[in-house]
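So the chains spell out like this:
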Amino acid sequence: MLAHLPILQVVVPLMAAPLCWFLNRSKLVWIFALLVCAATCTNSTLLLIEVMKSGTITYELGGWEAPWGIELRIDKLNAFLLLIISTIATVVMFAANTSIQKELSEDRHTLFYSLYLLSLTGMYGIVATGDAFNVFVFLEISSLSAYALIALGNDRRALWAAFQYLIMGTIGATFILIGIGMLYQMTGTLNMSDLAIRLVDVGHTRTVFVAFAFLIVGLCLKLALFPLHLWLPNAYAYAPSIVTAFLAATSTKVAVYLLIRFTFTVFGISFSFTTLPLQSILMVLGLVGVFVASVTAIYQQNVKHILAYSSIAQVGYMIIGYSINTSTGVMATLLHLFNHALMKSALFLALGAIMYRIGSVQLSQFQGLGRQMPLTMSAIVIGGLSLIGVPLSVGFISKWYLLIASVEAGMWSVAVLILLGSLLAIVYIWRIVEMAYFKPPLPGRETVKEAPWTFLAPIWALVIANIYFGIDTRLSVQVAQAASQSLFGINP
Amino acid sequence: MVIAIAIVRTRNLLAVVMLSGIYGLLSACFFVVVDAVDVAFTEASVGAGISGLLMLAAITITGRKEAPKRHKPFLALFVVLVTGGMLIYGTMDMPYFGAADAPVHQHVAPRYINESMQEVGVPNIVTAVLGSYRAFDTLGEVAVIFTAGIGVLSLLTLPRRRKKTSSDEATEEQMHERHMVVRIVSKALIPFILLFALYVQFHGDFGPGGGFQAGVIFAAGIILYTMLFGLDTAQKVFNPSIIQLLAAVGLLLYASVGVVSMINGANFLDYNVLADDPIDGQHIGILIIELGVGITVASVMLSIFFNFDARRQAIQNSNKQKGEQDVSRTL
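This is a predicted model, so every value here is computed, not measured.

Draft legend 1. Region of interest: the overall build of chain A. Each helix and strand counted, chain A has 20 helices and 2 strands in total. Along the longest, intermediate and shortest principal axes, the C-alpha atoms of chain A span 70 × 55 × 40 Å. Restricting to contacts in chain A with at least 6 residues of sequence separation, those with at least 24 account for 79%.

Draft legend 2. Here's a closer look at the overall build of chain B. Scanning chain B from N- to C-terminus turns up 14 helices and 0 strands. Counting helices and strands in the order they occur from the N terminus, chain B gives α-α-α-α-α-α-α-α-α-α-α-α-α-α. By the burial criterion, 36% of the 331 residues in chain B qualify as buried. Across chain B, every contact between residues at least 6 apart in sequence was considered, and the portion connecting residues at least 24 apart equals 68%.

Draft legend 3. Looking closely at the nonpolar core. Counting residues in each nonpolar core, the largest one holds 270 residues, and the members touching the most others are A33, F80, V92, I150, L349 and I459 of chain A. If you tally residues by element for this core, the top one is helix α14 (residues 327–358) of chain A, at 20 residues.

Draft legend 4. Just the interface of chain B and chain A, in detail. Between chain B and chain A, the contact holds 46 residues from the first and 50 residues from the second. Residue assignment for the side of chain B that touches chain A shows that the elements contributing at least two residues are α4 (74–91), α5 (103–106), α6 (109–119), α7 (125–133), α8 (135–155) and α13 (240–263) of chain B. The element that contributes the greatest number of residues to the side of chain B that touches chain A is α8 of chain B, accounting for 15 residues. Residue composition of the side of chain B that touches chain A, grouped by class: 27 nonpolar, 13 polar and 6 charged.

Draft legend 5. How the structure looks around the packing of helix α10 (residues 241–266) of chain A against α14 of chain A. Residues and elements named next belong to chain A. Between α10 and α14, whose axes approach to 7 Å, the crossing angle comes to 165°. With respect to α14, the axis of α10 lies roughly antiparallel. When the axes of α10 and α14 are compared, the crossing they make is right-handed. Residues S241, I242, T244, A245, A248, A249, T250, K253, V256 and I260 of α10 pack against V330, L337, A341, K344, S345, F348, L349, L351, G352 and M355 of α14.

Draft legend 6. Structural view of helix α18 (residues 412–437) of chain A. For α18 of chain A, with 26 residues, the first-to-last C-alpha span of 38 Å sits near the 38 Å given by 1.5 Å per residue. Each element contacted by the buried residues of α18 of chain A is listed here: α12 (278–298), α13 (303–324), α15 (369–372), α16 (374–388) and α17 (394–408) of chain A.

Draft legend 7. How the structure looks around the environment of P452 of chain A. Residues and elements named next belong to chain A. Relative to the helices and strands, P452 is located in the loop between α18 and α19 (453–471). C-beta crowding within 10 Å serves as the criterion here: with 14 such atoms nearby, P452 is assigned to the partly exposed category. Separated by 357 residues in the primary sequence, P452 and A95 place their C-alpha atoms 9.6 Å from one another.

Draft legend 8. Highlighting unusual backbone geometry. Residue and element names in this part refer to chain A. One non-glycine residue, A224, lies in positive phi territory at about 60°. Mapped onto the secondary structure, A224 falls in the loop between α8 (206–222) and α9 (232–238). On the basis of neighbour count, A224 is assigned to the buried category, with 27 C-beta atoms found within 10 Å. We note that N325 has phi near 60°; this positive angle belongs to a residue other than glycine. Mapping N325 onto the fold places it in the loop between α13 and α14.

Draft legend 9. A look at the packing of α13 of chain A against α17 of chain A. Residue and element names in this part refer to chain A. Packing of α13 against α17 brings their axes to within 10 Å, and their N-to-C directions diverge by 35°. Pair α13 / α17 crosses with left-handed handedness. Two secondary-structure elements touch here, α13 through Y317, I320, G321 and I324 and α17 through L402, A405 and S406. Broken down by class, the residue content of the contact of α13 with α17 amounts to 5 nonpolar, 2 polar and no charged.

Draft legend 10. Spotlight on the environment of L363 of chain A. Residue and element names in this part refer to chain A. Structurally, the position occupied by L363 is in the loop between α14 and α15. With 18 C-beta atoms counted inside 10 Å, the residue L363 sits in the partly exposed group. Distance in space between the C-alpha atoms of L363 and M373 is 15 Å, their sequence separation being 10 residues.

Draft legend 11. Representation of helix α3 (residues 76–103) of chain A within the structure. Residues and elements named next belong to chain A. For α3, with 28 residues, the first-to-last C-alpha span of 38 Å sits near the 40 Å given by 1.5 Å per residue. Residue A96 marks the point of greatest curvature in α3, where the axis turns by about 45°. Among the 28 residues of α3, 24 are classified as buried, and the element is accordingly described as predominantly covered.

Draft legend 12. The confidence of the model for chain B, seen in detail. Residues and elements named next belong to chain B. Per-residue pLDDT for chain B averages 73, and the proportion of residues at 70 or more is 70%. Of all secondary-structure elements in chain B, the lowest mean pLDDT belongs to helix α9 (residues 166–178), at 56, while α8 reaches the highest, 83. In the model, residues 158–164 has pLDDT below 50 throughout and makes 6 contacts with residues more than four positions away in sequence or in other chains. Across the interfaces of the predicted complex, the ipTM metric reaches 0.83, alongside a pTM of 0.86.

Draft legend 13. Focus on the pairing of strand β2 (residues 71–74) of chain A. Residue and element names in this part refer to chain A. Going residue by residue along β2, you find E71 and R73 tucked away on one face and L72 and I74 tucked away on the opposite face as well. Relative to β2, strand β1 (residues 57–60) runs antiparallel, the two sharing 4 bridges. Residue pairing for β2: I57 is matched across the bridge by I74.

Draft legend 14. How the structure looks around the environment of L56 of chain B. Residues and elements named next belong to chain B. Along the polypeptide, L56 turns up in helix α3 (residues 37–62). Judged by C-beta crowding, with 17 C-beta atoms within 10 Å, L56 ranks as partly exposed. Along the backbone, L56 and M18 are 38 residues apart, and their C-alpha atoms lie at a distance of 9.2 Å.

Rules behind the numbers
Residues numbered from 1 in each chain as written. Chains lettered and ligands numbered in written order. Predicted model: local features only at pLDDT ≥ 70, side-chain atom pairs only at ≥ 80, totals over all residues. Helix = DSSP H or I, 4+ residues; strand = E, 2+ residues; numbered from the N terminus. Contact = placed C-beta atoms within 7 Å. Buried ≥ 20, exposed ≤ 12 C-beta atoms within 10 Å, placed from the backbone. Core = buried A, V, L, I, M, F, W, Y, C linked by C-beta atoms within 7 Å. Nonpolar A, V, L, I, M, F, W, Y, C, P; charged D, E, K, R; others polar. Axes fitted to C-alpha atoms, helices over the stretch in contact; angles between N-to-C directions. Parallel < 35°, antiparallel > 145°, perpendicular 65-115°, else oblique. Left-handed = near helix turned anticlockwise from the far one by under 90°. Expected span 1.5 Å × (residues − 1). Bend = angle between axes of the 7 residues up to and from the residue. pLDDT = per-residue confidence, 0-100. Pairing = 2+ DSSP bridges.

Next comes the structure, spelled out in C-alpha cells:
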C-alpha cells in the first residue's frame, strides 16, 4: 500500500469527482468530498514523511519504465507542495457546505463539489508527475474546473471574469504546450529527468531557447506575475467565497512550483540563469508587481479586490526570492508559498463568513462589524498582520528569510524595497480595521450575529496555524530548506 | 491560412461558423498528410462537425452579427507579431521535417515501433502508446473532457420541462415536413453512422480509431437525429440525466481498470496482470479503457448539445410568449 501512495494522491480525488454524481444529495456529497480531501491530506503527510526519511520516490505508471511510460516523481519539493494543497483543500472544504447554501442554488451543489475535486486532482497531478506532457494534461483539468468554479459565482460579473480568465489561461496553457512540444522535438523525450540529461547537448540551439521563453511566459501568465496579472482580481472577487479561498491559496502556488521545477530540474540552473537575462527581468517584474499591486489594493472598495491585489503582490515576493537564485532565496520562496497559503485561505474564508452574514464584502458594509462578529474580524486582523509581516506571525518568517537572502546576495536595494512594500500592506489592512472597529454599525444592521461554527472552526484553525508556524518554524523551515538545497544539489 | 484570415475579417457569424468548419476539414487533411490519421479523424468530426453545430446553436441564441468594434488593438497585434516571430525563430534550428536522425525518432520512439507488438500486442502503435505506455495521460484527457462537460452544465442548467402546447407541435410538424428529403436521407444514414462509430471503437486496436473518435462520431449521429426530429423525441431515447451519469461511468470505468491492476499487485494501469497471459491482459485493458473513453466522450458531447438546445428552445419560447403578450396588449 505504501508503494502506491503517489498515485493514490491523484487518483482518489479523480475517481471521487464522478462518484459525486451518484450521491446527489448536497449534504451527503459534502461529507463525501470532505472525507476524500482528508484522505488525500493524510496521504500527502505520509508521503512527506517517507520522502524526508528515504529520499525521492518514483512510481511507474502501467509498469513501463521512465522515458517510455509516465512516472510520478515525488521529491522533497513536491511532497511539501502536496501537503500545502491538501491541507488547505481540506480545511476550506469544511466550511463549504454552509457557505454554498447561501451562495449557490441547490441544483448546482453537486456540480460544485465535483468541480472542486477535479480542480484538486489537476493540482495534485501537476505537482506529482515527472513527465512534462502529463503536466499539461493536468494543468488543463485544474484550469478548466477553475474557470467553471469561478463562473458559478452569483454575481453576473463572475461570468465575464471567468471568461477573461479562460482566455488568458488558455493562452498561457498553449504557450506551455508549445514549449513542451519544442522540447520534445529537440530531445525526443517527455520525461523531466530524462529531458534534463538530454537538454545539455542541445542547449545552445535556438529551438530550445524559444521553448524556454514560451514556457516561462506561459507560466508567468498562470502565476499572475505583473504585468500578466489582469485576469486575477476579478476572477477572485466574483467567484463564490469558498472557491476564492481555495484557489487563492493553491492555484498560483502550483504555477510557482512549475516555474521552479522547469527552471531548476529540467533546464538546470546554469542554462536558466545564463541564456536569458531572466534573473534581472523577473526581479524587476517582481518588485514592480509588489508596488503596483499594493498601491492598487489601497484604492479598492471591495475587500475581495483588496486581498486579490495583495495576492499579486505576494506572488511578486515569491518571484523576488526565486530570482535571487540562491538556496536561501528559493527557500524563502517556498516558505512564502506555505505561509501565504495559510494567510490567504484564512482571510478569504473569513470574508466568506462575512458574505454569509451580510451578503456583501464591500468595504463600506464593514462598518461596526468588529463588535458584531468579533471572532471573524479578529481573525481578519491577525491574518492581516501576518500579511504585513509582523513578528510572531508566519508572514514575518518568510519576509525575514527573503531579507536574509537578498542581503546575502548583496542586494541591499532589494531588501529596502521589500520593507517598503510591507509598509504599503499596512495601509490597506488598516483601512479594513478602521472601518470595522471605529465606525458604528450601519442602520438596519444592528442584529448581525457572529458567523456559524462551521466557518469559525476552519478560520481559527488557519489563524492558529498562522501564529504557530510563526513561532515554531521547525516543520516549515526544515522542509523548505531541504527542498531548496536538493534543488541546488547541496547535500545537507 | 486564407480561411483563418477570412474568419477574422468576416462580421457575419454564420459565415464564420461555416468557414471554421472548412478550416477544421482542411486541418484534418493536413493531419492526414503528416500521417496522423487518428488526429485527423478527431479533427474532422469535432472541428468540422460538432463544434460547428454548437456554435450554430449559440448563434441562434444570441444573433447573427458581430457588434462592430471601434478600438484598434495595436498592443495585441504587437504581442501576436512577437509570438509569431519567436515561433519562426525557434523553427530555424529544428531538424528537417521527416529527417530520420531527428531526436524524436531516435530516443523513445524506436521501442514503441519495434517492441510494442511483443509488449502490448496491438498492431496500431498509436493505440499502444495512448492506451498503454502513456495511459495515464489518456486518463487525464478523459478527465479533461468530463470537466469540460460539467463546466458547461454548471453554466447552462437545464430549465424545467414544460408541457407541449398544440401550437408548438404544429410548428414542429411544419418544420419537419419542410425538411422531408433531409429527414429521409439521414434516417437512412444514421444507423450506419452509429454502426461506423462502433466499428471505430472496437477496431481501434488494428486501424486508426479508438474511443475518442468513436465517441464523437456516435454523438454526431445522435445530434443529427436531434436536429431533425426535435429535442423531445431524442430525449425520449436518451434521457439527459442518464447521459450525465454515463459520462461519470465512463471515467470511472477507465480509472477502475487501474484500480483492478493495483489490487492484483501491480502498478496503476498495468494491464499485464489483468489476465494470465500479459498480452491478453493488455488487450483486455485497452478494450475496457477505450470503452470508457468512448462512453464519456459521447455522453459529454450529447449532454452539451442537449443543454444548448434546451436553452435555445426556452429562450425562443419566452420570446414567443413575450410577443404574444405584446400582441394581446395592443389589441
